[in-house]
Amino acid sequence: LGDTIQTLTMTQDKSFTFAIDHGNAADQLNVKHCNEQLKAHWDEVCTPEIDMYRLRKWANGAGLGLLDPVPLTSETVMRAILKASAEMSNRLVPKKNRVLFISESLYIETKMSREIMGVDTLGAEAIRHGCVGRIDGMDVVPVIDSYLPAGVNFMIKYKDATVDPLKLKVLRVQKNPLGFDADVGECRFYHDAFVLDAKVNGIYVHAESGMCPVPAFSGAETVTITCQGAEVIRYTTDGTNPKTSPTAKVYTGPVALEMGQTLRAYGAAEGLLNSPIAEMTRKA
């Protein structure tokens, strides 16, 4: 069994510290407690930051997706979700352990769709408990609109498509440290998120804006690549992931393909999510 090697370099080493002065705390009737403030900051600031970072990294590394400027509605959202799920299945992504991350705004349209409301039990559950639960075998996770990258409607993720390490999480309260008439709260966390090269098709991104479209190919032996709005297009001809492969090249003109070679490409632009990966294999 041959191995593939992918180097994953963690970059997100974050920390903060604060002090609650004893005199200031007494003036405020001791309503501030260092450990409570530390936990609140972790829950309300750090955790959302980690979530948003992961969602953006997943979206940038996605192998599949669609940029469609037409807003999704209760009449169209279910078809878009099912088509996305079908495309993943056609790329041999396992049906089990998929999760649908959907914006809160679009989640409303999903709950009101005919496919959900037309089934008495599903419609009743959607209204009573505020959840759809599962769609096409996928767990549904509503996400605050601002947590998703701007313009993204929903994202489907196969559980094992990413590695999301949190290697260090330290929450510490120093009681009366030397030189401080205060309690000092300290936090440090070291995390990152990576899409695995072998499983890029395990992430599908549906966006209304904010993402480069899927590149288009024309030609067979000599292939032209276009990607509207992209500032740069990168590609590989050895079947590797152009988003991370050391063999990826910047597109400057038509690419000559030999019999059996696989061309993979994506577009990128400042301020936009990377496009999904387009792929073709020369067969004749």
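Since the model is a prediction, treat every value here as computed from it, not as a measurement.

**Some thoughts on the overall build of the protein chain**
So, step 1. In terms of helices and strands, the protein chain carries six helices and 18 strands.
So, step 2. C-alpha extents for the protein chain along the principal axes are approximately 80 × 50 × 40 Å.
So, step 3. Within the span of the protein chain, comprising 284 residues, buried residues form 40% of the whole.
So, step 4. Considering only residue pairs separated by 6 or more positions, the protein chain has 74% of its internal contacts joining residues 24 or more positions apart.
So, step 5. Of the charged side chains in the protein chain, 30 are positive and 34 negative; the average position of the first set lies 6 Å away from that of the second.

**Let's talk about the pattern of salt bridges**
So, step 1. In the structure shown here, the tally under the stated rule is eight salt bridges.
So, step 2. Note that lysine 95 is salt-bridged to aspartate 136, the shortest N-O span being 3.0 Å. Of this pair, lysine 95 sits in the loop between α3 (77-90) and β3 (98-103) while aspartate 136 is found in the loop between β4 (134-135) and β5 (138-143), placing the two residues 41 residues apart along the sequence.
So, step 3. A residue is classified by how much of its surface remains accessible, and aspartate 136, at 34% relative accessible area, is partly exposed.
So, step 4. Residues arginine 264 and glutamate 279 are paired through a salt bridge, measuring 3.2 Å at the closest nitrogen-oxygen approach. Taken together, the residues span a long stretch of sequence, with arginine 264 in strand β17 (residues 262-268) and glutamate 279 in strand β18 (residues 278-281) at a distance of 15 residues.
So, step 5. Taking relative accessible area as the criterion, arginine 264 reaches 8% and is therefore assigned buried.
So, step 6. The exposure class of glutamate 279 is partly exposed, given its relative accessible area of 39%.

**A word on unusual backbone geometry**
So, step 1. One non-glycine residue, aspartate 136, adopts positive backbone phi at about 50 degrees.
So, step 2. For asparagine 176, which is not glycine, the phi dihedral falls at a positive 50 degrees.
So, step 3. On the secondary structure map, asparagine 176 appears in the loop between β8 (166-175) and β9 (182-191).
So, step 4. Residue class for asparagine 176 comes out partly exposed when judged on its relative accessible area of 47%.

**As for the sheet that holds strand β1 (residues 12-21)**
So, step 1. Read from one edge to the other, the open sheet built from three strands follows the order β1-β9-β8, with strand pairing classed as antiparallel. Bordering the open sheet on either side are β1 and β8, each of which pairs with just one other strand. In this sheet, neighbouring strand axes are inclined to one another by 5 degrees on average, regardless of whether the strands run parallel or antiparallel.
So, step 2. Bridge count for β8 against β9 is nine bridges, and the pairing is antiparallel. Following the sheet pairing, leucine 168 is matched in β9 by tyrosine 190.
So, step 3. Seen against the sheet, helix α2 (residues 34-61) touches β1, β8 and β9 and runs at an angle of roughly 20 degrees to β9.

**A look at the packing of aromatic side chains**
So, step 1. One pass over the structure, following the stated rule, counts five aromatic pairs.
So, step 2. Between phenylalanine 16 and phenylalanine 18, the ring centres sit 6.4 Å apart and the planes meet at 10 degrees, which makes this aromatic pair stacked.
So, step 3. For phenylalanine 18, a relative accessible area of 22% gives the class partly exposed.
So, step 4. Its end group placed over the ring of tryptophan 58, lysine 157 keeps NZ or CZ at 4.7 Å from the ring centre.
So, step 5. We note lysine 243 situated over the ring of tyrosine 266; from NZ or CZ to the ring centre the distance is 5.6 Å.

**Observations concerning the sheet that holds strand β14 (residues 232-236)**
So, step 1. Taking strand neighbours across the sheet as the criterion, the four strands line up as β15-β14-β17-β18 in an open arrangement whose pairing is antiparallel. A single partner strand is all that each edge strand has here, and the edge strands are β15 (249-250) and β18.
So, step 2. Where β17 and β18 come together, four bridges link them in antiparallel fashion. Looking across to β18, one finds that arginine 264 is bridged to glutamate 279.

**Thoughts on the side chain of histidine 191**
So, step 1. Note that histidine 191 resides in strand β9.
So, step 2. Its relative accessible area of 0% is what places histidine 191 among the buried residues.

Rules behind the numbers
Per chain, the residues get numbers from 1 upward, laid out in the order the sequence is written. Only residues with pLDDT of 70 or above have their local features reported here, since the model is predicted, and side-chain atom pairs are shown and tallied only from 80 upward, although totals for entire chains, interfaces and linings are computed over all residues. Side-chain metrics rest on all non-hydrogen atoms present in the structure, leaving aside hydrogens and water. Counting from the N terminus, the helices are DSSP H or I runs at least four residues long and the strands are E runs at least two residues long. For the exposure calls, accessible area comes from a 1.4 Å probe over protein chains only, and a residue counts as buried if that area is under 20% of its type's maximum, exposed if over 50%, partly exposed in between. Any two residues whose heavy atoms approach within 4.5 Å are treated as being in contact. Here the positive residues are Lys and Arg and the negative ones are Asp and Glu; neither His nor the chain ends is included. One atom stands in for each charge, and that atom is NZ of Lys, CZ of Arg, CG of Asp or CD of Glu. For this document, the term salt bridge refers to a Lys or Arg side-chain nitrogen within 4 Å of an Asp or Glu carboxyl oxygen. Two strands form a pair only when DSSP identifies at least two bridges running between them. Whenever a helix is involved, its axis is fitted only over the stretch in contact; in every case the axis is a line through C-alpha atoms, and angles between N-to-C directions fall within 0 to 180 degrees. Side-chain rings of Phe, Tyr and Trp, where Trp is taken by its six-membered ring, are said to pair if the distance between their centres is within 6.5 Å; with planes under 30 degrees apart they count as stacked, over 60 as edge-to-face, and otherwise as tilted. For a lysine, the NZ atom is tested; for an arginine, the CZ atom; a charge sits over a ring if that atom is within 6 Å of the ring centre and within 35 degrees of the ring normal.

No statement about biological role is implied by the geometric values presented.
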